[in-house]
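These are the residues of each chain, in order.
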Amino acid sequence: MKRVTALGLLLVAAASCSSGSSDSTPTSVATIATTLAPTSTVPFTPGAPGVGDVYYPGLGNGGYDVQHYGLELTYDADGSVEADAAITAVATQNLSGFNLDFVGWEIDELTVDGSEVTFLRDGDELVITHRIPSGEHFKIELSYGGTPQPMQSAAIPIAIGWLAGPEGEQFVVAEPDAAHSWFPSNDHPTDKATFTFSITVPAGFMGAANGELTDVISSETTTTYHWSMDAPMAPYLATVVIGDGWELVEDPGSTETAGLQIRNMLPADLVGDAPVALAQTGEMINVLEEAFGPYPFDQYGIAVVDGFQHALENQTLSLFGRTMVEAPFFEYVHVHELAHQWFGNSVSVAQWSDIWLNEGFATFAELLWIEHLFGAEAYREEVANRTEVTRIAEYGPPATPPPNDLFNGSVYQRGALVLVALREEIGDDAFFATLRTYAERYADGNATTDNFIAVAEETSGHDLTDLFATWLYGQELPR
Ligand code: ARG
Ligand code: ZN
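Now for a quick tour of the structure. (Residues numbered from 1 in each chain as written. Chains lettered and ligands numbered in written order. Predicted model: local features only at pLDDT ≥ 70, side-chain atom pairs only at ≥ 80, totals over all residues. Heavy atoms only, no water.)

**As for the overall build of the protein**
Right, so step 1: Along its length, the protein carries 12 helices and 25 strands.
Right, so step 2: Relative to the compact-globule value of 23 Å for 479 residues, the protein shows a C-alpha radius of gyration of 25 Å, a close match.
Right, so step 3: For the protein, the spread of C-alpha atoms along the principal axes amounts to about 90 × 65 × 40 Å.
Right, so step 4: Within the span of the protein, comprising 479 residues, buried residues form 55% of the whole. (Helix = DSSP H or I, 4+ residues; strand = E, 2+ residues; numbered from the N terminus. Rg over C-alpha atoms; globule rule 2.2 N^0.38 Å. Buried < 20%, exposed > 50% of the residue type's maximum accessible area, 1.4 Å probe, protein only.)

Below you can see the structure in the form of structure tokens.
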């Protein structure tokens, strides 16, 4: 009601303004309303506080589309960070205000298009009041700082976000809901954007981020590393890794083999002594390109840190805990994170509940690597092993994981077996054509389980309703 009244007042004001001009023809409110451009008749309302993720309704925001994040971070050896974020976006409705997701930190200044604006902080929401017509580009600039604090994820029973290791290294683990604990963001994979990073660290430290290292500027006491991610990226895949004595190490062999730049960010002791499997990156890219189509980005590599027990597929620079890299099974985790660059990063979920589209596919890549190394019989044996594991664990349906345990074993193991079953059902030609068509059609975008099923049916000509119903949604593991 209030909105209607406000709109009415606006039109009356417009009408009186117009009748005061030299043309004295009486003009009714109704006439004005029909002669104004269509969008100006739409009331200005706040953008929604979420994008409609069924599992995590607070993530992301409505009413605008981010184009670019420019993040400038200055890290001090005392552990504190000073940051400037410049976010350019386009309004997708007439906005009276909008939200960003952002938690923690002290905000020193916030402007929109250069003007100071009214804002308030409400939990994980930063609520900004500012009028922006639909279709207009606008720029939000924030200065903030503090000592980075991890946050409790809604999806995993651990704290994630900006973490610190025992050697003082700093790194980001943001999947699925912690990007907004280190930069203000529209924190949902459905709003991808390009990124630039400027990371200033004490001299002797290395600061890495996603994409291409475009510039390094040194002063006596600091070094600033400029990074650029030119392909669209979901906020949760943005990363920063900082380490005293860490080095960016080119892998010329893999670069040559894969035809794209391979570089790793390693602690000093691993620089001359990296695990053998790390040099297989190029060969892995070739094997996965054969199965999935062209590698979707311009670089790849991993960053290794202590104080993290897992691995995470940050775009073009996956993060690995040292224990993972030194484990005998490293090469399988390595090919897994690499596979996420296609499935997870280029093709991202539209709903977090569809996480099997990331984890099942990346786990299936481990099977492809075994098949490449040891042949079809070894693939079948590994499928039998994992089927047994899945049966004993009594994994539930992979397409409906618990929201508070999103990365459970089912989305990985049973998720991979969905693809094994599909491959058996439709044969290798249609199966790999399905993977490549899906990767190409949804590249740099988002897809749903139904989108994948549609590609599989269209490519194979089979009716796959039963196969997917039982494998994805049935409680029992099908035979
Ligand atoms: N996507 C990651 C993987 O490659 C795991 C993510 C779950 N863990 C986390 N700390 N977010 O399997
Ligand atoms: Zn994974």
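Moving on from the coordinates now.
**Re unusual backbone geometry**
Right, so step 1: Residue Pro176 is bonded to the preceding Glu175 through a cis peptide linkage, with omega at 0 degrees.
Right, so step 2: When you line up the elements, Pro176 lands in the loop between strand S12 (170-173) and strand S13 (193-202).
Right, so step 3: One non-glycine residue, Asp444, lies in positive phi territory at about 60 degrees.
Right, so step 4: One can find Asp444 in the loop between helix H10 (409-441) and strand S25 (445-447).

**Regarding the sheet that holds strand S11 (residues 159-164)**
Right, so step 1: Taken in spatial order, the five strands of this open sheet run S10-S11-S12-S17-S14, and their pairing is antiparallel. Edge strands, defined here as strands with exactly one partner in the open sheet, are strand S10 (151-152) and strand S14 (205-209).
Right, so step 2: Here four bridges tie S11 to S12, and the two strands are oriented antiparallel to one another. Within the sheet, the bridge partner assigned to Trp162 lies in S12 and is Val172. (Pairing = 2+ DSSP bridges.)

**A few points about the pairing of strand S16 (residues 222-233)**
If a strand is regular, its side chains alternate between the two faces of the sheet.
Right, so step 1: Here S13 pairs with S16 via nine bridges, running antiparallel. Looking at the pairing, Pro202 lines up with Thr222 of S16.
Right, so step 2: Relative to S16, strand S15 (residues 212-218) runs antiparallel, the two being bridged by six bridges. Paired with Ser218 across the two strands is Thr223, which belongs to S16.
Right, so step 3: Hairpin geometry of S15 and S16 is characterised by an intervening segment of three residues between the two adjacent antiparallel strands.

**Some points on the site of ligand 1**
Right, so step 1: In the vicinity of ligand 1, the residues found are Ile156, Val173, Glu175, Ala311, Leu312, Glu313, His336, Glu337, His340, Glu359, Phe407 and Tyr412.
Right, so step 2: Interatomic distance of 2.9 Å between a side-chain N/O atom of Glu337 and an oxygen atom of ligand 1.
Right, so step 3: Residue Glu359 places a side-chain N or O atom 2.7 Å away from a nitrogen atom belonging to ligand 1.
Right, so step 4: For ligand 1, whose free accessible area comes to 340 Å², the fraction covered by protein is 92%.
Right, so step 5: Counting only elements with at least two residues in the shell around ligand 1, the list comes to strand S22 (311-312) and helix H7 (330-340).
Right, so step 6: Along the lines of polarity and charge, the residues of the shell around ligand 1 split into six nonpolar, two polar and four charged. (Near = heavy atom within 4 Å. Polar contact = N/O pair within 3.5 Å; in protein donor to acceptor, adjacent residues only side chain to side chain. Areas by Shrake-Rupley, 256 points an atom, 1.4 Å probe, with all protein chains shown as cover. Nonpolar A, V, L, I, M, F, W, Y, C, P; charged D, E, K, R; others polar.)

**Brief notes about the pairing of strand S9 (residues 137-146)**
Right, so step 1: As judged from the 10 bridges shared by strand S3 (residues 81-91) and S9, these two strands associate in the antiparallel manner. The residue bridging Ala85 from the neighbouring strand is Leu142, located in S9.
Right, so step 2: Examined bridge by bridge, strand S5 (residues 106-112) and S9 share six bridges and lie antiparallel to one another. Looking at the pairing, Glu106 lines up with Gly145 of S9.

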